[in-house]
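Chain by chain, the residues:
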Amino acid sequence: MLDGHTYLSPYSIFLIIIPIFIYYVINVIIDAVNNKEISNYKLLYITITGAYFAISWGCGMSGGLSEGQGTLGVAFAIAILLNNLEFRFSNVLKLAVILVCFLLTLQCAAKKMNYTYNWWGMDESSLQESVYLSNDIEVFEGIGLSYETLNAYETVYHIVTQNTDEKDSIYCFPQIPSFYYICNRMDPGVRAKVQWFDVASDKSIDNDIKILKNKPPKAIIIYETSEYAYNSHEKLFRAGEISATRKMKQFLLNFATQHGYTFYGRIKSTKNNSLLLYYKTDNDFSEEYSYRGKGTKESPYEIDSVEDLLFLQRSVENGNDYSNVYFIQTKDIDLSSIDNWNPIGKYDSGFYFRGIYDGNGHVIKNMTCIHEGENVGLFGQLGGIVCNLGVINSYVSGSCVGVISSHAASSEAMIINCYTTSSVINGLRAGGIADNFEGKIVNCISINECLGIDAAGAISYGAGYTKNVISQIDGIHTEIINSYGDNSVTYCTQKYMLSSEVINRLNSYIDIVNKYSSNYLEDEQDNDGAVTEKEYDEWMRRITLRYWKTEISGYPTLTIGELK
């Protein structure tokens, strides 16, 4: 099904052709056993269908079948059908079909010139764009490249050759070994020259990590493989478990930040292709900083100090998005020593936190964050999950602001089971939790002084999905009357916020989630509409929600590190 229309998929063609292949193989074996003459047509059919089977099986086990793999099967089906058709105008029909196939071949060739490469979200420039020649890279003599691709190659070439010697090693990840040849540099002696999912084994990646630790490269070049490629390979071939390729990626990003590499930045090579480049200006590879833990669900990275938060902020700014990496806060953190907090994941920078940050019931307090524009909040633009966190006694000021995050980097971002209290939020739009948040905000409360010109409230503009978000109306002020932003938020009086009804409402939602998180994903029921797999499948696998309680002041707060 595509855009509401059905079509014959490559997999359907595979299921049609393979039985024909098996039929003719068995038929020829029977003829051979019975000493019958074997028809040349049967051998031809076996050759064609066998080639199709080999191509389809090989491609299907790697990146999945595409229309390109399906064409041979379609061609065979048409050929065998026409070969058995004999009527008055059959030759005319055959000529017409051959002509159509010839025209389709020309069309495919033309398409290939415009879309020279498209695999797992990666692409290359068209033939028409590839007219620029390199004056610097000797091995590219006479080879035409697009402007962006040539710029990417020459940028990497110049940075690497200017900051390393020929005796120095570099490391390219995961499928870009061409840079070794271009820069005339060797790798540190790793076993896997290509670290793609189905090329490098877990054992080889683990061994290579040890080699990289013992013989650190002077430059690291990381191709930004799409998260779709990581998730798809892990879901299809690893039962959802982390792949060795992702493990190497996270190791490299951590290693570069921990050991003081200079981050050159993101280098675009085509519309959907980009590289991250790190290089070392000295030979001091002593570890500058690291987290406790392993970053897994079972052993998350621990955050218990201002220094840990600052390192997280710097790591994200340096290109580490921590995709699918787990963090847990183990203590309350006081940011009063920071004059002006720079958000984690600067707004509109392209570098965002995409991991899972579990506050574990703890708080971040006394945050001052004052910036012009929309880069304001604990996170500037969030791409991952923040849960079980309180942000209290803070001052946040800017244009369109939110205490936890001003914006979302994608619809996958989520703020769940969090609260913000006793803070002052000042801006054109002032959000006690968030401002313009494309993702989900669920089971949160806001008790703050929000001062907005256009709008003020818990979510001062809107969210992609809002459920069970409660905000105290006292302290919310806007120059446009009743302009509170997202209208899915429940606004209440102080009396209601102090009542047991709020605690019960918040914890009832957690009861529903916990009830279905362990068994729901197996039976695909809609559970009377309470929780649906479409909305909650992913985060239900990743986090555990902390229950709410009443603090001394009477306001809701979270329990720390334990379930009810």
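Conventions used here
- Residues numbered from 1 in each chain as written.
- Predicted model: local features only at pLDDT ≥ 70, side-chain atom pairs only at ≥ 80, totals over all residues.
- Heavy atoms only, no water.
- Pairing = 2+ DSSP bridges.
- Helix = DSSP H or I, 4+ residues; strand = E, 2+ residues; numbered from the N terminus.
- Axes fitted to C-alpha atoms, helices over the stretch in contact; angles between N-to-C directions.
- Contact = heavy atoms within 4.5 Å.
- Parallel < 35°, antiparallel > 145°, perpendicular 65-115°, else oblique.
- Left-handed = near helix turned anticlockwise from the far one by under 90°.
- Expected span 1.5 Å × (residues − 1).
- Buried < 20%, exposed > 50% of the residue type's maximum accessible area, 1.4 Å probe, protein only.
- Polar contact = N/O pair within 3.5 Å; in protein donor to acceptor, adjacent residues only side chain to side chain.
- 1 Å grid on protein atoms, 1.4 Å probe; cavity = no way out; pocket = protein on both sides within 12 Å on 5 of 7 lines; lining within 4 Å.
- Points joined across faces, edges and corners; volume = space filled by probe spheres on them.
- Nonpolar A, V, L, I, M, F, W, Y, C, P; charged D, E, K, R; others polar.
- Phe/Tyr/Trp six-rings, centres within 6.5 Å; stacked < 30°, edge-to-face > 60°.
- Lys NZ or Arg CZ within 6 Å of the ring centre and 35° of its normal.
- Salt bridge = Lys/Arg side-chain N within 4 Å of Asp/Glu carboxyl O.
- Core = buried A, V, L, I, M, F, W, Y, C linked by side-chain atoms within 4.5 Å.
- Disulfide = S-S within 2.5 Å.

**So, the sheet that holds strand β6 (residues 274–279)**
The strand order across the open sheet formed by 4 strands is β3-β4-β6-β5, and the pairing between neighbours is mixed. Pairing within the sheet leaves two strands with one partner each, and these edge strands are β3 (170–173) and β5 (262–268). Neighbouring strand axes in the sheet, compared pairwise and without regard to direction, differ in orientation by 15° on average. With 4 bridges connecting them, β3 and strand β4 (residues 219–223) associate as parallel partners. Of the residues in β4, the one forming a bridge with I170 is A219. The strands that helix α5 (residues 147–163) touches are β3, β4, β5 and β6; relative to β5, the one it contacts most, it runs at about 165°.

**Some words on the packing of helix α7 (residues 202–214) against helix α9 (residues 244–258)**
α9 packs onto α7 with a crossing angle of 15° between their chain directions and a minimal axis gap of 9 Å. One way to sum up the angle between α7 and α9 is to call them roughly parallel. Taken as a pair, α7 and α9 cross one another with a handedness that is right-handed. Together, D202, I205, D206, D208, I209, L212 and K213 of α7 and A244, K247, M248, F251, L252 and F255 of α9 make up the contact between the two elements.

**Observations regarding α9**
Taking 1.5 Å per residue, 15 residues should reach 21 Å; α9 reaches 21 Å between its end C-alpha atoms and fits that length. By the criterion of burial, α9 is predominantly enclosed, with 14 of the 15 residues buried. Note on α9: the residue one or two positions beyond its end, G260, has a positive phi of about 75°.

**Focus on the side chain of D308**
Structurally, D308 is set in helix α10 (residues 306–317). Contacts of D308, omitting those with residues within four sequence positions, involve Y289, Y291, R292, E302 and I303.

**Notes on the environment of N324**
Tracing the backbone shows N324 in the loop between α10 and β8 (326–329). Overall, the relative accessible area of 22% leaves N324 in the partly exposed class. Once the C-alpha coordinates of N324 and R354 are considered, the two residues, 30 residues apart in sequence, prove to be 6.7 Å apart. Not counting chain neighbours up to four residues away, the residues in contact with N324 comprise E227, N231, R246, G295, R354, G355, I356 and R542. A polar side-chain atom of N324 sits 3.5 Å from a polar atom in the side chain of N231.

**So, empty space enclosed by the protein**
Once rolled over the atoms, a probe with the size of a water molecule shows which space is left empty. With the rule as written, the count across this model stands at 1 cavity of 30 Å³ or more. Considered as a void within the structure, the largest cavity measures approximately 30 Å³ in volume. Lining the largest cavity are R246, K249, Q250, D321, Y322 and S323. Here the lining of the largest cavity is composed, by residue class, of 1 nonpolar, 2 polar and 3 charged.

**Focus on the packing of aromatic side chains**
A complete count under the given rule lists 27 aromatic pairs for this structure. Lying across the ring of F285, K280 places its NZ or CZ 5.4 Å from the centre.

**A short note on the pattern of salt bridges**
Inspection of the entire model under this criterion finds 14 salt bridges. A salt bridge links K218 to D168; the shortest N-O distance between them is 3.8 Å. Highlighted residues: K218 in the loop between α7 and β4 and D168 in the loop between α5 and β3, separated in sequence by 50 residues. For the pair K218 and D168, one class covers both residues: buried. A cluster of three or more residues bridged by salt bridges with shared partners is formed by R292, E302, D304 and D308.

**Re the nonpolar core**
Core analysis: the largest hydrophobic core is formed by 53 residues, its most contacted members being I221, M248, L252 and Y278. Counting residues per element, this core draws most heavily on α9, which supplies 7 residues. Apart from residues lying up to four places away in sequence, M248 is in contact with Y171, F173, I205, D208, I209 and L212. Of all hydrophobic cores here, the second largest spans 50 residues; its members include Y322, V391, F437 and A456.

**Considerations on α10**
The terminal C-alpha atoms of α10, which comprises 12 residues, lie 17 Å apart, in line with the 16 Å expected from a rise of 1.5 Å per residue. Taken together, the buried positions of α10 are occupied by V306, D308, L309, F311, L312, Q313, S315 and V316. Against α9, β7 (301–303), β8, β9 (333–334), β10 (356–358) and β11 (363–365) lie the buried residues of α10. Looking one or two places after α10, you find G319, whose phi comes out positive at around 100°.

**Digging into the state of the cysteines**
Following the criterion strictly, the structure yields 0 disulfides and no others. As a non-bridged cysteine, C444 has C418 as the owner of its nearest cysteine sulfur, 4.9 Å distant.

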